[in-house]
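# Coordinates in review
Each chain, letter by letter, is given below.
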Amino acid sequence: MRDAFDREITYLRVSVTERCNLRCFYCRPAETEHPHGDDLDAAAVVRIIRAGTRVGIRKVRLTGGEPLIREDIVEMVGAIAAIPGIDDLALTTNGTLLAPLAHDLKKAGLKRVNVSLDTLQPERFRRITRGGELAATWEGITTALALGLAPVRLNAVVMRGINDDELVELALLTRDYPLHVRFIELMPIGQASDWAASRLVSVEEMMARLEKALGRLEPQKSPRDGGPARYWRLAGAPGTIGFIAPMSNYFCPSCNRLRLTAAGTLRPCLCREDEVDLRPLLARQASEAELAQAIAEAIRRKPEGNDETAMRPVRDRLMSEIGG
Ligand code: SAM
């Protein structure tokens, strides 16, 4: 279905849980909390996605929080993969629980994974994630490569004075492995809403620093489903380097997504507080057609985009509730 600005909305990102086994300082508060109620049950998620196919949803990404902490994640993946009309099913994860689950996830119908990885230094990883083990994430990444959950993309949020000195090391992974390393500008959302600007490294600066250290980057044609990332390659490398510039590049005109929060609301735009609440419909066992109408309403409510290139801080939800 097309929205009011003639964008075809085909992509639903689903935060399947607000909870996470890591507590990245820019994403979540230090203490465990669960501010907006219980996560949707798997049956509700599947019904919403099935209803979404009635209005043109074809691609689904499961995210969170950490999707792999859900005990029913493999069954959920299997049920979503079986929905007629869903032709792409991907998952975003911190990778720590991926190695033991990857085989079953693939068998259930998962096509590919994005793994978040902000640093290659174990001690720094522990600090950023407040206690996580880099080795577990790395094992998840190598398992995904071995099983062909491809393309395997690594997402690194670049923060000045925190990990921007690792741009080159992270980029060099693409020479050694068929990995697609994507550098992301830090957004002023949730936990980072008040200070993101002071740690922001623009994509322009990232590229200049990488080219200075590694030589010219060759532009690559963006993959069909590459979304807002623009891709480049180091000469002869099997992998690619992507850049996602939500702060310095206005890509709202090509936005094709809708987000389902862990609590059961549809969010037409990552950066706007406006949401369509599906919980009352779910509570009264509304029909799939009624759910599809609510999804269509959320698509109609998608705003044109940020007013300027600068994104306004988002304070009503944590990134883990919206799903990134
Ligand atoms: N737990 C999973 C993971 O680690 O990938 C999925 C959820 S996490 C919220 C999704 C992505 O959002 C991660 O790559 C994380 O780094 C990114 N993220 C969180 N806060 C962000 C922010 N303020 N700006 C940019 N990216 C952010």
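Residues numbered from 1 in each chain as written. Predicted model: local features only at pLDDT ≥ 70, side-chain atom pairs only at ≥ 80, totals over all residues. Heavy atoms only, no water.

Attention now moves to the packing of aromatic side chains. In this structure the tally under the stated criterion is four aromatic pairs. An angle of 35° between the planes, with centres 5.9 Å apart, marks the rings of Phe-183 and Phe-243 as tilted. Of this pair, Phe-183 sits in strand 6 (residues 179-185) while Phe-243 sits in strand 9 (residues 240-244), placing them 60 residues apart in sequence. Under the relative-accessibility criterion, Phe-183 is labelled buried at 0%. An aromatic cluster is present here, built from Phe-25, Tyr-26 and Trp-195 joined pairwise through their rings. Lying across the ring of Tyr-11, Lys-59 places its NZ or CZ 4.1 Å from the centre. (Phe/Tyr/Trp six-rings, centres within 6.5 Å; stacked < 30°, edge-to-face > 60°. Helix = DSSP H or I, 4+ residues; strand = E, 2+ residues; numbered from the N terminus. Buried < 20%, exposed > 50% of the residue type's maximum accessible area, 1.4 Å probe, protein only. Lys NZ or Arg CZ within 6 Å of the ring centre and 35° of its normal.)

Attention shifts here to helix 6 (residues 167-176). Among all positions of helix 6, only Leu-167, Leu-170, Ala-171, Leu-173 and Thr-174 are buried. The buried residues of helix 6 occupy one face: seen down the axis, they fall within an arc of 130°. Summarising the contacts, the buried residues of helix 6 are in contact with helix 5 (134-147), strand 5 (152-158), strand 6, helix 8 (203-214) and strand 9. (Arc of directions from axis to C-beta. Contact = heavy atoms within 4.5 Å.)

Strands sit in the order 7-8-9-6-5-4-3-2-1-10-11-12 across an open sheet of twelve strands; the sheet is mixed. If you trace the sheet from one side to the other, it starts and ends with strand 7 (218-219) and strand 12 (276-277), each paired once. Pairing between strand 3 (residues 88-93) and strand 4 (residues 112-116): four bridges, direction parallel. In the strand pairing of strand 4, Thr-93 is matched with Val-115. (Pairing = 2+ DSSP bridges.)

This next bit is on the environment of Ile-241. Summarising the element assignment, Ile-241 is placed in strand 9. Placed 202 residues apart in sequence, Ile-241 and Asp-39 show a C-alpha to C-alpha distance of 34 Å. Each residue touching Ile-241, except ones within four places of it in the same chain, is listed here: Ala-171, Thr-174, Val-181, Phe-183, Leu-210, Leu-217, Arg-230, Tyr-231, Trp-232 and Leu-234.

This part takes up the nonpolar core. Inside soluble globular proteins, nonpolar side chains tend to come together where they are buried. Counting residues in hydrophobic clusters, the biggest one holds 79 residues, and the most contacted among them are Leu-62, Ile-73, Ile-80, Phe-183 and Leu-278. When near neighbours in sequence (up to four residues on either side) are disregarded, Leu-278 contacts Ile-48, Leu-260, Gly-264, Thr-265, Leu-266, Leu-291 and Ala-294. By size, the runner-up hydrophobic cluster in this structure holds 24 residues, among which are Ala-192, Ile-244, Cys-271 and Met-311. (Core = buried A, V, L, I, M, F, W, Y, C linked by side-chain atoms within 4.5 Å.)

This next bit is on the site of the ligand. Residues in contact with the ligand amount to 16 residues; listed here are only the nearest, Tyr-26, Gly-65, Glu-66, Ser-116 and Met-187. Here Thr-93 contributes a backbone N or O atom positioned 3.4 Å from an oxygen atom of the ligand. The fraction of the free accessible surface of the ligand (550 Å²) that becomes covered by protein chains is 93%. Of the residues in the shell around the ligand, the class split is seven nonpolar, seven polar and two charged. (Near = heavy atom within 4 Å. Polar contact = N/O pair within 3.5 Å; in protein donor to acceptor, adjacent residues only side chain to side chain. Areas by Shrake-Rupley, 256 points an atom, 1.4 Å probe, with all protein chains shown as cover. Nonpolar A, V, L, I, M, F, W, Y, C, P; charged D, E, K, R; others polar.)

Right, let's get into the pairing of strand 2 (residues 59-63). In terms of burial, strand 2 is largely enclosed, as five of its five residues are buried. What you see with strand 2 is no split at all: Lys-59, Arg-61 and Thr-63 on one side and Val-60 and Leu-62 on the other are buried throughout. Regarding the hand of the β-α-β motif, the stretch spanning strand 2, helix 2 (residues 73-81) and strand 3 is right-handed. (Right-handed = clockwise from strand over helix to strand, strands pointing away.)

Looking now at the packing of helix 1 (residues 42-54) against helix 2. In contact at an axis separation of 10 Å, helix 1 and helix 2 are set at 20° when each is read in the N-to-C sense. Put simply, helix 1 runs roughly parallel to helix 2. The handedness of the crossing between helix 1 and helix 2 is right-handed. Within the contact between the two elements, helix 1 uses Ala-42, Val-45, Val-46 and Ile-49 and helix 2 uses Met-76, Ala-79 and Ile-80. For the contact of helix 1 with helix 2, a count of residues per class yields seven nonpolar, no polar and no charged. (Axes fitted to C-alpha atoms, helices over the stretch in contact; angles between N-to-C directions. Parallel < 35°, antiparallel > 145°, perpendicular 65-115°, else oblique. Left-handed = near helix turned anticlockwise from the far one by under 90°.)

Helix length check: helix 5, at 14 residues, gives a terminal C-alpha distance of 20 Å against a target of 20 Å (1.5 Å per residue), a fit within 8%. The complete set of buried residues in helix 5 reads Leu-134, Thr-137, Gly-140, Ile-141, Thr-143 and Ala-144. Tucked into the core, helix 5 has its buried residues touching helix 3 (98-108), strand 4, helix 4 (122-129), strand 5 and strand 6. Within two residues after helix 5, Gly-148 carries a phi angle of roughly 75°, on the positive side. (Expected span 1.5 Å × (residues − 1).)

Purely spatial values, then, with no claim about function.
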